[in-house]
Amino acid sequence: MDSAATLLDSGAGTKEMAPRHLGRTAHNMSSSSLRKKSDVALLRKVPCAALRHLLANLQEVLLATKLVLLFPAVILALAARIFHFGQEWVFVLSLIGLIPLAERLSFLTEQVAFYTGPTVGGLLNATFGNVTEVIIALFALHEGKVVVVKCSLLGSILSNMLLVLGTSLFFGGLANLGTEQPYDRMQVDVSTGLLILGVLCHSLPLMLRYAVSSGEHAVVSWDAGLELSRACSVVMLLAYVAYLFFQLKTHHQLFEPQEVEDDGDDLISQDEVVLGFSSAMIWLGVMTLMTAVLSEFVVTTIEAASKSWELSVSFISIILIPIVGNAAEHAGAVIFALKNKLDITLGVSLGSATQISMFVVPLSVLVGWIMGVPMDLDFNLIETGSLLLAILVTTFTLQDGSSHYLKGLLLLFCYVVMAVCFFVLRRRGNGNSDGVHQGVASNTWKI
Amino acid sequence: MEATVVVVEPGRKPQHPADAGGGLHAARHGAHGHSAHARTAHSMSSSSLRKKSDASLLRKVPFAPLRPVLANLQEVFLGTKLAVLFPAVPLAIAAQCAHFGQVWVFALSLLGLIPLAERVSFLTEQIALYTGPTVGGLLNATCGNATELIIALFALMQGKIEVVKCSLLGSVLSNLLLVLGTSLFCGGIVNLRADQPYDRKQSDVSTGLLILGVLCQSLPLMLRYAVGAGEHAVAAATTGLELSRACSIVMLLAYVAYLFFQLKTHSQLFDPQEAEGDGEAEEEPVLGLASGLFWLAFMTVLIAILSEYVVGTIEPTSQSWGLSVSFISIILLPIVGNAAEHAGAIIFALKNKLDITLGVALGSATQISMFVVPLSVIVAWIAGIEMDLDFKLLETVSLFVAVIVTAFTLQDGTSHYLKGIILLLCYIVIGACFFVTRQPSSHANNNGAKLAGPTSTWNAQVA
C-alpha cells in the first residue's frame, strides 16, 4: 500500500522512493509482469511456525510465477539424463526447464538488490540479467565448442534486437492503432552506439582474415586474429564499464522506467521484499546451480539433437536456443508494449542485446584465453554481416521516437529472412567436427 | 487562362488561395473527398507535365461524331509536353522492320519509352478517379513503374538475367540518388533563403523497407562468399537460389503490409502536401472509363514492343558504343525510363513541395526494390529460369551505401542544396565505377545471355 501511494505522489514522494526505484531496471519490471502475488491464506492453516516460514519461502520462490507449469521440466530433464532417455529428449527438456529458472533468477536478483542498494543492485542486474547465456557460453567453452558459443551469443543478440523488439512493436502497434506510441530516444541512442562499437570489434578480425587470405596484408603469426580479438575484448569490456557508470551514476535519469500508472494491476505493489537476504542468496545459489546443470545437458546433447532433427548446429544455436532462453523476457516485453509502455520494452530488448554484445561476448573471449581455448571475435561472414544489418535496421527504425506496427513487422521480417538463411546452411561433410575442430576449418589463414 | 496545368487540386470550383487550407480539407472530405486520396505523389508529379487540351480547335471540326473521337485522341496524345517525343515510337518500329542499324532501334526505342511511360501514368490516374481511392492506390502501386516491370519481364524471357538485375538495380539507384539529388539540389538553390521542410515519417517507412530489401539481397551474396571461403557448407548448389526465393516471398509480404499501412491504417502520413493554387483546373476525369482502359492497354502494348526492341538490341549497342551491358542497364536505361518522373520531381522541389518529391523518388525506389525485384524472382521460378537475389558485390554494396546515404540525408526533416549535391555525387561515383567495368573476357560475346556461369562460382561443398 505504501509503495502504491508514494508512486501516485509525483512530488517529494518519488524522490524518497527514488533510490529503491533505481534498483528496478526495465529488465526487472518486464519479468515482474509474469509474477503473481502469493496466496497467504493457505499458509495460515499450517500449525508449526517454523514450518510456516519455510513453506512461505518455498511458495514465494517456486510458485509465485505464471511459468511454474514449466518447473517439472527441470526434474524430467534430470531424470531423462540419469535414465538415458534419447538425447534429444534431454535437450528439449533442459531447454524448457531453463525458461522458469531464468525468470526466477531475475526475481531473486531483484530481491537481493533491495538489500544492497541501487548501485550494486544495478550492477547485479547488469551481470546477472543474462545469466543463462553466460552459463551456456561458459560450458560450451569448457567443452571446446567454440562454434556453439559464437552462434548462441550471436543468436541472442539477433533475437533480442529483431524478434523480441519486432513482436513487441508489432503487437503494441496493432493494439494501439489509433494512438501515438512515443518512447525516449536517448536510451536507444546510447545502446545502439555501443552495439555499433561491438560490430566494429567483430568486423576487424573478420576483415583481417579475408584481407590476409586475399594477399593484401601479411601477418606475423597464425594467432594475429586471436590477439586482435583479445585486445578488442578488453576494449569492449571497458566500454561496458563506462556504460554502467553512465547508466547507474551520472545519467541515471535517462534510464528510469516510465511511470507506471496504477490501474489496478499489482505490478507496482510487488516492489517489496518478500525474502530475507540470506534466503534470497541461498535460492540464488540453488537456481544458478540448476541452471548450470541444465546448461551442461544442453551443450553436451546439441550434436545429437542436430543429427536427429536434421538441422545444423548453428541453426539450433542461433535460432532455437535464444528463443527459448529469452522466452520470459520476450513475454514481458510484449505485455508492456501492449500497454503502450515502450520505454520498458526497449530497455529490456536493447539492454539485453547490449549486455550480451559488450559484456558476455568479450567475457567469453577472455575466459577462453584463460582456459587456453582459441575463441576469437571472428564470427564468420554471414553472421557478422547479419549482425551489422540487424543493428542498422534497428537503429534506423528506432531513431524517430515513435512507433507503429509496420516497424515491428519489418524487424520481424528481417529476423525471418536471417533464420531462413541459417536454416539452409548445413555443416555436414566434416563429420563430427561441428563443435571442436571448427576453429581450424573456418579460419583459413595464409601467412 | 488554362494553358498550363501545373498542379491540380481536388474538385473545387471557386479558386480562393486564401481558402486553400480549410477549403481543401472540406473538399477532401466532401463529395470529391474520395478522389483526393487516389492522387498519390506519383501521379501528382507526372501531372506537372500535362497541358490542358485546347478545346477551341475542336469546335471547328464540322462532323459531329468525329469530334469526341478527336477530343479523346487529343487528350491522350497531345495532353503532355512530351508529345514531341511521340514520333520516336513509329520511327523505332519502322527502324526495326526496315532493318536500320540496331543502335538506331535501341536509341529510338528508348526515346519512345519516355512519353509512353508518362501517358501510362496519366491513364492510371484517370482510371483511379473512377475506381476509388484504395483500388486507385493499388493501381498506382503496381503500375507506377510499369516500364521497369515490362523491361524486366522481357529480359527474363530472353534469359538475360544480368540485364534484369542491372536494370532494376539501376532504377533503384537512379531514384534514390539521381532523382532525389537533382531535385534537392535544384530546390535548394531556388529556395536558398527559405526553410525546406518535409515529413520525416514517410521517408522513414520507405528507408526501413529499403534496408530490409538490401538485407534480403546481401544474404545470398554473403552465402556465396562464405561457401567460397570454406566457412560453411551447403546441401546443394542451388541453395542460394532457394534462399533467394524464400526471401522474395518475405519481400512481397513486406510490400503488401506496406500497402496496407499506406492505404488503410496510416494513410494520413502519406497525403500529399496541400497544393496552393496558382492557376489550376479541377480534377475531373477527361476520359471515359472504357476509353481510359482501352488507351491503357494500347500504351502498354506499345511499351511492350519497344521494351522488346530495347532488350533485343542491347548487346550490339553495347559493342558499337564500347560500353558494357551492365553500364547501359544500370545507368542509361533507368535515366530514360524515369525521365518523366524525374522532371516532375524537380518541378515540385522548385516549388518547395518536398513531400511530393520524396513520395515520388522514395516511393518508386521502394516499389522496385520490394515489388518488382521479388516479382521477377518469382516469375522466373515459375518459368524455370534461375534468377536469384545475388546481385554481385559491387552492385549490392553500391545499393547498400546508397540506401544508407539517403537514409542519413533524409533523417532530419529539412533539406538544403548540399544534400542534393552529395546524393548526386554519389551517383556519379557509382556510375564511374560501372563505366570502367567490362564483362569478364571469357564470355566476350555473351554480354547478356550466358553470365549465369562465372557470377555464381559455387564450390558446392555438397555434403
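Residues numbered from 1 in each chain as written. Chains lettered and ligands numbered in written order. Predicted model: local features only at pLDDT ≥ 70, side-chain atom pairs only at ≥ 80, totals over all residues. Heavy atoms only, no water.

**Some remarks on the overall build of chain A**
Argument step 1. From N to C terminus, chain A includes 18 helices and one strand.
Argument step 2. Per-residue burial for chain A yields a buried fraction of 60% across its 447 residues.
Argument step 3. Counted over contacts in chain A with a minimum sequence separation of 6, partners at least 24 positions apart contribute 85%.
Argument step 4. Carbon and sulfur atoms make up 69% of the accessible area of chain A, which totals about 17600 Å². (Helix = DSSP H or I, 4+ residues; strand = E, 2+ residues; numbered from the N terminus. Buried < 20%, exposed > 50% of the residue type's maximum accessible area, 1.4 Å probe, protein only. Contact = heavy atoms within 4.5 Å. Areas by Shrake-Rupley, 256 points an atom, 1.4 Å probe, with all protein chains shown as cover.)

**Overview of the overall build of chain B**
Argument step 1. Per the secondary structure count, chain B includes 20 helices and one strand.
Argument step 2. Within chain B, the proportion of its 463 residues that are buried is 58%.
Argument step 3. Long-range pairs, those at least 24 residues apart, make up 84% of the contacts in chain B with a sequence separation of at least 6.
Argument step 4. When the accessible surface of chain B is split by element, carbon and sulfur atoms take 68% of a total near 17700 Å².

**Here's the deal with helix α15 (residues 325-337) of chain B**
Because each turn of an α-helix spans 3.6 residues, side chains separated by three or four positions in sequence point in the same direction.
Argument step 1. Within α15 of chain B, ten of the 13 residues are buried, which leaves the element mostly enclosed by the surrounding structure.
Argument step 2. If you check which residues of α15 of chain B are buried, you get V325, S326, F327, I328, S329, I330, I331, L333, P334 and V336 of chain B.

**Remarks on the packing of aromatic side chains**
Residues and elements named next belong to chain A.
Argument step 1. What the rule picks out here adds up to 15 aromatic pairs over all chains.
Argument step 2. Arranged with centres 5.2 Å apart and planes meeting at 20 degrees, the rings of Y240 and F359 form a pair that is stacked. Here Y240, found in helix α11 (residues 224-250), pairs with F359, found in helix α15 (residues 342-371); they are 119 residues apart in sequence, far enough to count as distant.
Argument step 3. Judged by relative accessible area, which is 3%, Y240 ranks as buried.
Argument step 4. Since its relative accessible area comes to 14%, F359 is described here as buried. (Phe/Tyr/Trp six-rings, centres within 6.5 Å; stacked < 30°, edge-to-face > 60°.)

**Structural notes on the layout of surface pockets**
Argument step 1. Considering only enclosed or pocket space, the largest pocket measures out at about 780 Å³ in volume.
Argument step 2. Taken together, 26 residues line the largest pocket, and the ones lying closest to its centre are L206, L381, G385 and L388 of chain A together with M222 of chain B.
Argument step 3. Within the residue set of the lining of the largest pocket, elements represented by two or more residues are α10 (185-213) and α16 (381-398) of chain A together with α11 (200-228) and α18 (393-409) of chain B.
Argument step 4. If one sorts the elements of the lining of the largest pocket by residue count, α10 of chain A sits on top with eight residues.
Argument step 5. Partitioned by chemical class, the residues of the lining of the largest pocket number 19 nonpolar, six polar and one charged. (1 Å grid on protein atoms, 1.4 Å probe; cavity = no way out; pocket = protein on both sides within 12 Å on 5 of 7 lines; lining within 4 Å. Points joined across faces, edges and corners; volume = space filled by probe spheres on them. Nonpolar A, V, L, I, M, F, W, Y, C, P; charged D, E, K, R; others polar.)

**Thoughts on the pattern of salt bridges**
Pairing between side chains becomes possible if they bear opposite charge and their charged atoms approach one another.
Residues and elements named next belong to chain A.
Argument step 1. Within this structure, the stated rule accounts for 13 salt bridges over all chains.
Argument step 2. For D378, the salt bridge identified is with R209, shortest N-O distance 2.6 Å. Taken together, the positions of D378 in the loop between α15 and α16 and R209 in helix α10 put the pair 169 residues apart, joining distant regions of the chain.
Argument step 3. For D378, a relative accessible area of 3% puts it in the buried group. (Salt bridge = Lys/Arg side-chain N within 4 Å of Asp/Glu carboxyl O.)

**Some words on a nonpolar patch on the surface**
All names here are of chain A.
Argument step 1. Taken together, the side chains of L78, I82, F83, F85, W89, L289 and V293 make up a nonpolar region of the molecular surface, amounting to roughly 770 Å² of accessible area.
Argument step 2. Within the element layout of this structure, V293 appears in helix α12 (residues 277-309).
Argument step 3. Classification of V293 by relative accessible area gives partly exposed; the value is 30%. (Patch = residues over 30% accessible without salt bridge, like charges linked within 9 Å, V, L, I, M, F, W, Y side chains within 5 Å.)

**Side note on the confidence of the model for chain A**
Residue and element names in this part refer to chain A.
Argument step 1. Scored by pLDDT, chain A comes out at a mean of 79, with 80% of its residues at no less than 70.
Argument step 2. Per-residue pLDDT, averaged within each element of chain A, yields its smallest value for helix α18 (residues 438-441) (36) and its largest for helix α17 (residues 405-423) (94).
Argument step 3. For the stretch residues 1-24, pLDDT sits under 50, and the model shows 28 contacts to residues farther than four places along the chain or on other chains.
Argument step 4. When the criterion is pLDDT under 50, residues 260-270 qualifies, and its contacts beyond four places in sequence or with other chains add up to 19 contacts. (pLDDT = per-residue confidence, 0-100.)

**Side note on the interface of chain A and chain B**
Argument step 1. Taken together, the contact between chain A and chain B spans 39 residues of the former and 43 residues of the latter.
Argument step 2. Carbon and sulfur atoms make up 74% of the surface buried where chain A meets chain B, a total of about 3500 Å² over both sides.
Argument step 3. By the criterion of area lost to chain B, the three top residues of chain A are L389, F396 and V417 of chain A, representing 17% of everything that side buries.
Argument step 4. Counting across the chain A and chain B interface gives zero salt bridges. (Buried area = accessible area lost by both parts, 1.4 Å probe.)

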